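An overview of the molecular structure
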Amino acid sequence: MAVDYTTRDGVAVITLNNPPVNGLGLSTRAGIVEGIERAQNDASVTAIVLTGAGKAFSGGADITEFNTPKATQEPTLATAIQVVEGSTKPVVAAIHSVAMGGGLELALGTHYRVAAPGAQIALPEVKLGILPGAGGTQRLPRAIGLEAALNMIVSGAPVMSEKLAGTGLFDEIVEGDLLEAALAFARKVGAQAGPHPRVRDRKIEHPNAEGFIQFVRNGVAGVAKNFPAPHKCIDAVEAGVKNGFDKGLAFERECFMSLVQTPESRALRHAFFGERAASKIPDVPSDTPAREIRQVAVIGAGTMGGGIAMNFVNAGVPVTLLETKQEALDRGVATIRKNYEGTVKKGKLTPEALEQRIALITPTLSYEDLGNADLIIEAVFEELGVKEQVFKRLDEVAKKGAILASNTSTLDLDRIAAFTKRPQDVVGMHFFSPANVMKLLEVVRGKETSKDVLATVMKIAKKIKKTAVVSGVCDGFIGNRMIEQYIRQALFMLEEGALPAQVDRAIEKFGFAMGPFRMSDLAGNDIGWAIRKRRYQEHPEMHYSKIADRLCETGRFGQKTGGGWYDYKAGDRTAHPSKLVEEMIVAFSKDVGAERRKISDEEIVERLVFALANEGAKILEEGIASKASDIDMVYLTGYGFPLWRGGPMLYADTVGLYNVERAIRRYASRPNGDAWQIAPNLVELAAKGRGFND
Ligand code: 3H9
């Protein structure tokens, strides 16, 4: 049983005890009902305290039960709350640490609530693509007022308990021993005659409820167009305002049941668990001791190195920043300062905090100054010879036990590690540009990287608020290896009949932040060109469309040269379709003997996204990624894949691998079909009717 029951001088204490966060799974719900009934039947008990053991009152419904029979098995949460609310002996919730979702809904079903300060109070269901389904949309507005409640429900954001003091949510905010205070409160109300107050009986007072609801609805329309849940949250609150508690509750239930089945909710829950799962490495136990990181050093003060350094100083970790020339060093520090000044201008940082952060940076030109660093991250030019010089030098100056990290995005980490006499201390930390903004960090595990180095890097990644995903060593690691197949398809489609704007539009409509051609113009087409030139040498057997090379030969490198796949006006990033490029593409098709045809948006999306999923499948099979959700996290946090679709692997699962396989085989039988080498595990899973994430 996930609930403890004791009595203390005439008060029953029901303690949720379902680590880690007292999720309200079936056995917890059953335990609550049993506890209330036991207390009701015990003549010596006058009141009941309901609280949570460990680090939460309750984190809400057990999300892992969703869409399983347990979720709807009695007692449901609605039943448990009904039993609590119907108790003739007063129930006092003693809330600390976290009361979220169903946990808060349960507390709203009690007659009285006392809370410790600093507890996070939230109805975060909307972040999982659902709405509070156990009365939250009905009781919270009655407890704290329509405006505050609607804001909490639609945003899902937590509010500190002390901020809600004086509302109908809390009868007392208690400094000191919460349980003792709750017991005293319970004894007091236990001595009073019932009936005890129920939140459901309160009125929702608002001078212009309809107007306010419409105001919130207008605000949500712009930001939540791909997510149904925020709209349903508003509808459910409105139903209660207009039609009363019981009808509102029934409507809320209906909305909950339909939202929990939506692909958007599945995607958001996948991302919630995927984020947490990414930090767990199958063969690195969670109790692996991490090394202490007190001082970091970054080599290279360019855009990347500067951005990396900012992550650490933002987290209060001092950074030594090394460059080879004084001028580059000064420029690097000046850029960091400028970035922070931008944040100050936006009002998100105080001028004092800016100075504190800059003071945490020690610029240097000397490798000797890196001797005290616990973690050294190299962000120098992407060439093996340059890395060799850096790592050989690091091997001389770094202290014993220091972690030596490379920010390489394409080079073989094992070869880099071999430049040192301590390959066990070498790891990849692949940040994404701009490194101070992007959430993703690919942690590259070399064949000799030690487990405690990995554990340390995962821990420090959390500290600097990155989503860290472990990748094995391969060309491009997880993210760039997959994107190469996506770009290959995009280029083939130009050759076969599409134009850049059509490809971009189709995939942006699917939900990508930016299509491949706008993206390439932003990053610089010369970068891809350089990579392809290397590819032609290393993999002469691989078939690429040479159409992008022809563009580059004309010097159209993108925004920085005023033109790429699109035309740009000076000082403006707007992409305008280019007549010149269209002519070039049509001529190219002719030159390679390709018959141009109309390509549908559906084909564009399938070829781009299935190319990602197919390569992802190979990455899984080779053990480069340890789970499909890791691949999805890379794409959600680093490549602008639409969150509501859950990443390329979950999207393939949603389409069904049988259908994905059929589509790939169809494309493989057409011109340029040799680019499709279907992943054996995709075929195998499709045959079994399973998905990557099952
Ligand atoms: C709901 O309540 C629906 C109802 O309205 C209606 C029902 C009919 N379930 O985040 P952490 C796990 S929907 C299952 O690392 P922290 C989490 O996966 C729910 N598991 O810790 C992780 O597991 P592991 C509404 C859950 O201290 C571990 O707990 N509630 C749940 O940084 C630790 O999590 C929410 O949306 C759960 N509800 O933060 C709250 N919650 O160790 C979502 C957590 O195996 N949760 N786990 O990786 C949170 O926001 C944070 O987890 C919390 C703790 C603030 C609670």
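A quick note: this is a predicted structure, and the numbers were derived from the prediction, not measured.

Along the protein, the regular secondary structure elements total 28 helices and 19 strands. Relative to the globule expectation of 26 Å for 694 residues, the C-alpha radius of gyration of the protein, 29 Å, shows essentially globular dimensions. By principal-axis analysis of the C-alpha atoms, the protein measures approximately 90 × 60 × 50 Å. Across the 694 residues that make up the protein, the buried fraction comes to 54%. In the protein, the share of contacts with a sequence separation of at least 24, taken over all contacts with a separation of at least 6, comes to 73%. Of the accessible surface of the protein, which amounts to about 29800 Å², a share of 53% is contributed by carbon and sulfur atoms. Averaging the coordinates of the 84 positive side-chain charges in the protein and doing the same for the 84 negative ones gives two points 1 Å apart.

Next up on the list: the packing of helix H5 (residues 136-144) against helix H10 (residues 245-259). Interaxial distance between H5 and H10 falls to 8 Å at its minimum, and their mutual angle equals 135°. The angle between H5 and H10 places the two elements in the oblique class. Facing Gly136, Thr137, Gln138, Arg139 and Arg142 of H5, the residues of H10 in contact are Phe245, Gly248, Leu249 and Glu252. Across the contact of H5 with H10, the residue classes tally to 2 nonpolar, 4 polar and 3 charged.

Now for a positive patch on the surface. A grouping of Lys55, Arg276, Lys280 and Lys462 is seen on the molecular surface, where their side chains present a positively charged patch. Mapped onto the secondary structure, Lys280 falls in the loop between helix H11 (263-278) and strand E10 (296-299). Lys280 sits in the exposed class, given a relative accessible area of 54%.

Moving on, we come to the site of the ligand. Neighbouring the ligand are 25 residues, the closest being Gly102, Glu105, Glu125, Arg276 and Lys280. A distance of 2.5 Å is found between an oxygen atom of the ligand and a side-chain nitrogen or oxygen belonging to Glu125. One nitrogen or oxygen atom from the main chain of Gly133 is found 3.0 Å from an oxygen atom belonging to the ligand. Summarising the interface, the protein chains cover 75% of the accessible area of the ligand, which totals 1000 Å² for the free molecule. Going through the elements one at a time, helix H4 (102-108), H10 and H11 are the ones with two or more residues in the shell around the ligand. It is H11 that contributes the most residues to the shell around the ligand, 3 residues altogether. Tallied by class, residues from the shell around the ligand come to 13 nonpolar, 5 polar and 7 charged.

Following the sequence through the fold, Phe510 ends up in helix H19 (residues 500-510). With a relative accessible area of 5%, Phe510 lands in the buried category. Sequence spacing of Phe510 and Pro642 is 132 residues, and the spatial spacing of their C-alpha atoms is 7.8 Å. When sequence neighbours within four positions are dropped, the list of residues in contact with Phe510 reads Val605, Val609, Phe641, Pro642, Trp644, Arg645 and Tyr651.

Domains assigned within the protein are domain 1 (3-259), domain 2 (296-471) and domain 3 (487-688). Once you take the C-alpha centre of each, domain 1 and domain 3 turn out to be 47 Å apart.

Turning to the pairing of E10, a few remarks are in order. Covered by surrounding structure in E10 are Val296 and Val298 together with Ala297 and Ile299, the residues of both alternating faces. In terms of strand pairing, E10 meets strand E11 (residues 319-322) through 4 bridges, oriented parallel. Looking across to E11, one finds that Ile299 is bridged to Leu322. This β-α-β element, E10 to helix H12 (residues 303-314) to E11, shows right-handed connectivity. Sheet topology note: the E10/strand E13 (residues 375-378) ladder contains 4 bridges and is parallel. Within the sheet, the bridge partner assigned to Ala297 lies in E13 and is Ile376.

Per the UniProt record, "domain: 3-hydroxyacyl-CoA dehydrogenase NAD binding" (unreviewed entry) is annotated on residues 295-471. Helix makes up 41% of residues 295-471 and strand 20%. Its end C-alpha atoms lie 25 Å apart.

One finds Ile478, Trp565, Phe641 and Phe692 to be the most contacted residues of the largest nonpolar core, which totals 67 residues. With 11 residues, the single largest contributor to this core is helix H24 (residues 601-621). Shared between two domains, this core takes at least three residues from each, and those domains are domain 2 (296-471) and domain 3 (487-688). Each residue touching Ile478, except ones within four places of it in the same chain, is listed here: Glu442, Val469, Val470, Ser471, Ile619, Ile624, Ala625, Ile631 and Val634. Counting residues in each nonpolar core, the second largest holds 63 residues, with Val3, Leu150, Ala209 and Cys233 among its members.

A few words on the sheet that holds strand E12 (residues 361-364). The 8 strands lie next to each other as E12-E11-E10-E13-E14-E15-E16-E17, forming an open sheet whose pairing is mixed. Whereas interior strands pair on both sides, the edge strands pair on one side only; in this sheet they are E12 and strand E17 (467-471). The mean inter-strand angle of the sheet, taken between neighbouring strand axes irrespective of direction, is 25°.

Between its terminal C-alpha atoms helix H1 (residues 26-41) stretches 23 Å, which fits the 22 Å expected from 16 residues at 1.5 Å a residue. Three or more residues of H1 are buried, namely Leu26, Thr28, Arg29, Gly31, Ile32, Val33, Gly35, Ile36 and Ala39.

Right, let's talk about the sheet that holds strand E8 (residues 159-160) for a bit. Taken together, the 3 strands give an open sheet; going across it, the order is E5-E7-E8, and neighbouring strands pair in mixed fashion. Each edge of the open sheet is held by one strand with a lone partner, namely strand E5 (98-100) and E8. Looking at chain direction, strand E7 (residues 120-122) and E8 are connected through 2 bridges and run antiparallel. Among the inter-strand pairings, Gln120 is bridged to a residue of E8, identified as Met160.

Geometrically, the link from Gly194 to Pro195 is a cis peptide bond, its omega value of -5° lying close to zero. Here Pro195 shows up in the loop between helix H7 (178-190) and helix H8 (209-223). In this chain, Ser433 is followed by Pro434 through a cis amide linkage whose omega measures -5°. Counting through the fold element by element, Pro434 comes out in the loop between strand E15 (426-431) and strand E16 (440-444).

Quick look at the UniProt feature "domain: 3-hydroxyacyl-CoA dehydrogenase C-terminal" (unreviewed entry) in the protein now. Per the UniProt record, "domain: 3-hydroxyacyl-CoA dehydrogenase C-terminal" (unreviewed entry) is found at residues 476-568 and 604-690. In residues 476-568, helix accounts for 65% and strand for 2%; the two terminal C-alpha atoms are 30 Å from one another. Between the C-alpha atoms that bound residues 604-690 the distance is 25 Å, and the span itself is 67% helix and 0% strand.

So, how was this worked out
Residues numbered from 1 in each chain as written. Predicted model: local features only at pLDDT ≥ 70, side-chain atom pairs only at ≥ 80, totals over all residues. Heavy atoms only, no water. Helix = DSSP H or I, 4+ residues; strand = E, 2+ residues; numbered from the N terminus. Rg over C-alpha atoms; globule rule 2.2 N^0.38 Å. Buried < 20%, exposed > 50% of the residue type's maximum accessible area, 1.4 Å probe, protein only. Contact = heavy atoms within 4.5 Å. Areas by Shrake-Rupley, 256 points an atom, 1.4 Å probe, with all protein chains shown as cover. Lys, Arg positive; Asp, Glu negative; His and termini not counted. Charge placed at Lys NZ, Arg CZ, Asp CG, Glu CD. Axes fitted to C-alpha atoms, helices over the stretch in contact; angles between N-to-C directions. Parallel < 35°, antiparallel > 145°, perpendicular 65-115°, else oblique. Nonpolar A, V, L, I, M, F, W, Y, C, P; charged D, E, K, R; others polar. Patch = residues over 30% accessible without salt bridge, like charges linked within 9 Å, V, L, I, M, F, W, Y side chains within 5 Å. Salt bridge = Lys/Arg side-chain N within 4 Å of Asp/Glu carboxyl O. Near = heavy atom within 4 Å. Polar contact = N/O pair within 3.5 Å; in protein donor to acceptor, adjacent residues only side chain to side chain. Domains from an automatic or database assignment. Pairing = 2+ DSSP bridges. Right-handed = clockwise from strand over helix to strand, strands pointing away. UniProt positions renumbered as here; feature names shortened; annotations may be inferred. Core = buried A, V, L, I, M, F, W, Y, C linked by side-chain atoms within 4.5 Å. Expected span 1.5 Å × (residues − 1).

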